[in-house]
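The lines below spell out each chain.
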Amino acid sequence: MAKSLPRRKTESMLGGVLKRLSKNKLAMAGGMILLLIILAAIFAPILTPYTYEQMDGTHILEGPSRAHICGTDLFGRDMFTRLLYGARYSLALGFISVLVSQFFGVIIGSVVGYYGGTLENVVMRVLDVIQSIPGTLLTITVATVFGNGFGNTVLALAISHIPGSSRTTRALVLSVRKNEYLEAAEACNCSDGRKIFSHILPNIFSYMIVSFATATAYTILQAASLSYIGLGVQPPTPEWGALLTGARDYVRDYTYLLIFPCICIALTVLSLNLLGDGLRDALDPKMKK
C-alpha cells in the first residue's frame, strides 16, 4: 500500500511576518526598547517611591545620586519619576494623534482613491494647498489656534497629519483598485462600502502599520518641540518636551536636566524607526522567499 504524502502545513500570514521580523536584529532591538519604555510608563508607581509632583526643598538641583538616580529639578522633584510619568504623556500624544489622523486620513484617501473623478481632483488640490505649508509651521499654527493642553496638542498634531495620511492612503488604494478580486466583487454586486472596507483596506493594512510606526516617531518629536516653545503640554505636567522647557535655563550648570529627557526622546524615536523599518521588510511580499 502506497504511503500517503504528509500534508504541507500552510504558514499563516501573521506567523510568516513574525518569523521574518524575528530575523531582523535591529527591529527586534527596537521592539524591545519600545516595550521596555511602555512597561516603565505603565508601572511607574511601582518603579519609583515618589510622585511626579512631590517637592523636596532640601534636595533642590542635586545631581544623580542613589536616592535620585536622575537628579532633582529646581523644585526638588525627582527627575527619574518625572521621566517615567512623562513617558505616559509623550507616548499618548504620539499614539493618539496618529490614530486620529490615520482614521480620518484613511476615510478620505480611500473614498477619493476609489471614486476618483471630480471629487478626487477637488480634494487633492485642497490637500496640496495645505501640504504646501511646512509641517512644523502648520502644526504650530494649529496649536496656536487651539491653545495649550494635552487634548488641544493631540488635536493640533492630528489635524496637521491628516493631509499626509490621506495622500498615502489614496496612493495605496490606486495601486490595488484594478486588481482582479475587486472585479470579482463587482461581479457579485458588492456595494462600494463593502468593496472598500472588506477588500481594499485589508490589502493595504500592512502598509498602514508601517506608516503608523514611522508617523508616531515623528509626532513624538513634534509634540516635544511644541512643548519646548510653549505651545504644547505645559509644566508641571511631566511631558518630555515640557521637561526640556524647564531645563533650558539651567543647561550650563545642571546639564543632566536636559540630557535625560533628550535620551528618552531619542531612544523612543529610534526604537519606533527601527521597528517600522523591520515591519516594512517583514510585510514585503518579496521577502517571503
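Now for a description of the structure that goes with this document. As the structure is a computational prediction, the values presented were derived from the model and not from experiment.

Here we look at the packing of aromatic side chains
Consideration 1: A full pass over the atoms with the stated rule returns seven aromatic pairs.
Consideration 2: Sitting over the ring of Tyr228, Arg248 keeps its end group 5.4 Å from the ring centre.

Thoughts on the environment of Gln131
Consideration 1: Inspection of the secondary structure assignment puts Gln131 in helix 5 (residues 117-131).
Consideration 2: Taking relative accessible area as the criterion, Gln131 reaches 39% and is therefore assigned partly exposed.
Consideration 3: Each C-alpha atom, one on Gln131 and one on Ser160, is 8.8 Å from the other, the two residues being 29 residues apart in sequence.
Consideration 4: If we ignore the near neighbours within four places in the chain, the residues touching Gln131 are Pro163, Gly164 and Arg167.

What about the pattern of salt bridges?
Consideration 1: Tallied over the entire structure, the rule returns seven salt bridges.
Consideration 2: One salt bridge connects Asp277 with Arg280, and the closest N-O pair in it is separated by 3.7 Å. Here Asp277 and its partner Arg280 are both found in helix 11 (residues 256-283), three residues apart, which amounts to about one turn of the helix.
Consideration 3: Taking the relative accessible area as the measure of exposure, Asp277 reaches 34% and is therefore partly exposed.

Looking at the nonpolar core
Consideration 1: Grouped together as the largest cluster of nonpolar side chains are 30 residues, with contacts concentrated most on Leu83, Trp240, Leu257, Ile265 and Leu279.
Consideration 2: Secondary-structure elements contributing two or more residues to this core are helix 1 (13-22), helix 2 (25-42), helix 4 (79-115), helix 9 (192-228), helix 10 (240-247) and helix 11.
Consideration 3: Residue contributions to this core peak at ten residues, all from helix 11.
Consideration 4: In this structure Leu83 touches Cys70, Trp240, Leu243, Phe260, Pro261 and Cys264, once residues within four positions along its chain are discounted.
Consideration 5: Membership of the second largest hydrophobic core comes to eleven residues, among which are Leu93, Val142, Val154 and Ala156.

What about the environment of Asp78?
Consideration 1: Within the secondary structure, Asp78 is located in the loop between helix 3 (44-47) and helix 4.
Consideration 2: Asp78 sits 169 residues away from Ala247 along the chain, and the two C-alpha atoms are 14 Å apart.
Consideration 3: Among the polar contacts listed, one links the side chain of Asp78 to the side chain of His68, at a separation of 2.8 Å.
Consideration 4: A polar contact is formed between the side chain of Asp78 and the side chain of Thr81, at a distance of 2.6 Å.

Section: the layout of surface pockets
Consideration 1: What the second largest pocket holds in volume is close to 250 Å³.
Consideration 2: In terms of lining residues, the second largest pocket is bounded by 13 residues, among which Ile37, Ala40, Trp240, Cys264 and Leu267 are the most central.
Consideration 3: At the level of secondary structure, the elements contributing two or more residues to the lining of the second largest pocket comprise helix 2, helix 4 and helix 11.
Consideration 4: Taken together, the residues that form the lining of the second largest pocket break down as 13 nonpolar, no polar and no charged.

Criteria and cut-off values
- Just so you know, the residues in each chain are numbered from 1, in the order the chain's sequence is written.
- Per-residue local features are limited, in this predicted model, to residues with pLDDT of at least 70; the limit for side-chain atom pairs, both in listing and counting, is 80 or more; totals at the level of whole chains, interfaces and linings are taken over all residues.
- Just so you know, side-chain values use all the structure's heavy atoms and leave hydrogens and water out.
- Ring pairs are drawn from Phe, Tyr and Trp, using the six-membered ring of Trp, whenever the two centres fall within 6.5 Å, and their geometry is named by plane angle: stacked under 30 degrees, edge-to-face over 60, tilted for the rest.
- We call a charge positioned above a ring when the Lys NZ or Arg CZ atom is no farther than 6 Å from the ring centre and deviates by at most 35 degrees from the ring normal.
- Helix and strand labels come from DSSP, where a helix needs a run of H or I of at least four residues and a strand needs a run of E of at least two; each type is numbered from the N terminus.
- Three labels apply to residues, based on accessible area from a 1.4 Å probe with only protein chains included: buried if under 20% of the type maximum, exposed if over 50%, partly exposed otherwise in between.
- Contact between two residues is taken to exist if any of their heavy atoms lie within 4.5 Å; hydrogens are not considered.
- By definition, a salt bridge exists where a carboxyl oxygen of Asp or Glu is found within 4 Å of a side-chain nitrogen of Lys or Arg.
- Joining through side-chain atoms within 4.5 Å is the link that ties buried Ala, Val, Leu, Ile, Met, Phe, Trp, Tyr and Cys residues into a set, and such a set is a nonpolar core.
- Polar contacts here mean pairs of N or O atoms no more than 3.5 Å apart (in protein, one a potential hydrogen donor and the other a potential acceptor; neighbouring residues in sequence count only if both atoms are side-chain atoms).
- A pocket, in this scheme, is an open set of points on a 1 Å grid over the protein atoms alone with protein on both sides within 12 Å along at least 5 of 7 lines, while a cavity is a set where a 1.4 Å probe fits but cannot get out; residues line either one if an atom lies within 4 Å of a point.
- Grid points are joined across faces, edges and corners, and a volume is the space filled by probe spheres set on the points.
- For this classification, the nonpolar set comprises Ala, Val, Leu, Ile, Met, Phe, Trp, Tyr, Cys and Pro, the charged set comprises Asp, Glu, Lys and Arg, and every other residue, Gly included, is treated as polar.

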